[in-house]
Amino acid sequence: QVQLVESGGGLVQAGGSLRLSCVPSGRTFSQNTMGWFRRTPGKELQFVAGISGSGIEYYSESVKGRFSISRDNAGNIVYLQMNNLQGEDTAVYYCAARRNSVVSRNAGDFRYWGQGTQVTVSS
């Protein structure tokens, strides 16, 4: 069974940092594009950051310069380093995997999804 297991969410003050981890099981996604998305009440699912199988990083404008996506050396674990967190970053964050290595910002292009991890930023 293919699973993406997320961790690292929590409560942090504005200006603080968190690092989210996405650990796959059942198969490796080292050759796949991986992404982070987030959802807040009353808003649609929002793309946050992505990384291709070749290591190309790309971000939404709202987090560019503050967040950084990366892979471990084997390409198994995907991280989202979140710095200078703001209240508007409060959301449930989801890790997702594509079936190919093509970059995408569209949630519908991602086949596998984690359960989500809550990030709450206090002002």
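Everything that follows concerns the structure shown earlier in this document.
Below or above, wherever it landed, is the structure these notes cover. Predicted model only: the values in this text are computed from it and were never measured.

With that settled, the discussion passes to the pairing of strand S5 (residues 46-51). Of all six residues that make up S5, five are buried, and the element is covered over most of its length. Where S5 lies against strand S6 (residues 57-59), three bridges are found, and the strand directions are antiparallel. Paired with isoleucine 51 across the bridge in S6 is glutamate 57. Where S5 folds back on S6, the antiparallel hairpin that results is connected by five residues, among which glycine 55 adopts a positive phi of roughly 95 degrees.

Under the criterion given, the structure shown has six aromatic pairs. Seen from their ring centres, phenylalanine 37 and phenylalanine 110 are 5.1 Å apart, and the 75 degrees between their planes marks the pair as edge-to-face. Taken as a pair, phenylalanine 37 in strand S4 (residues 34-39) and phenylalanine 110 in strand S10 (residues 110-113) lie far apart in primary sequence, 73 residues in all. On the basis of relative accessible area, phenylalanine 110 is assigned to the buried category, the value being 4%.

What follows covers the pattern of salt bridges. Side chains that carry opposite charge are capable of pairing whenever their charged atoms lie near each other. Under the defined criterion, the tally for this structure stands at two salt bridges. The shortest N-O distance in the salt bridge between aspartate 89 and arginine 66 comes to 2.7 Å. Within this pair, whereas aspartate 89 is found in the loop between strand S8 (78-82) and strand S9 (91-98), its partner arginine 66 is found in the loop between S6 and strand S7 (67-71), the two being separated by 23 residues in sequence. The pair aspartate 89 / arginine 66 is uniform in exposure class, with both members buried. A cluster of three or more residues bridged by salt bridges with shared partners is formed by Arg38, Arg66 and Asp89.

Right, let's talk about empty space enclosed by the protein for a bit. According to the stated counting rule, one finds one cavity of 30 Å³ or more in the structure shown. Volume-wise, the largest cavity comes out at about 30 Å³. Together, Arg38, Arg39, Thr40, Lys43, Gln46, Glu88, Thr90 and Ala91 line the largest cavity. Across the lining of the largest cavity, the residue classes break down as one nonpolar, three polar and four charged.

Here is what the cut-offs are and how they apply
- Residues numbered from 1 in each chain as written.
- Predicted model: local features only at pLDDT ≥ 70, side-chain atom pairs only at ≥ 80, totals over all residues.
- Heavy atoms only, no water.
- Buried < 20%, exposed > 50% of the residue type's maximum accessible area, 1.4 Å probe, protein only.
- Helix = DSSP H or I, 4+ residues; strand = E, 2+ residues; numbered from the N terminus.
- Pairing = 2+ DSSP bridges.
- Phe/Tyr/Trp six-rings, centres within 6.5 Å; stacked < 30°, edge-to-face > 60°.
- Salt bridge = Lys/Arg side-chain N within 4 Å of Asp/Glu carboxyl O.
- 1 Å grid on protein atoms, 1.4 Å probe; cavity = no way out; pocket = protein on both sides within 12 Å on 5 of 7 lines; lining within 4 Å.
- Points joined across faces, edges and corners; volume = space filled by probe spheres on them.
- Nonpolar A, V, L, I, M, F, W, Y, C, P; charged D, E, K, R; others polar.

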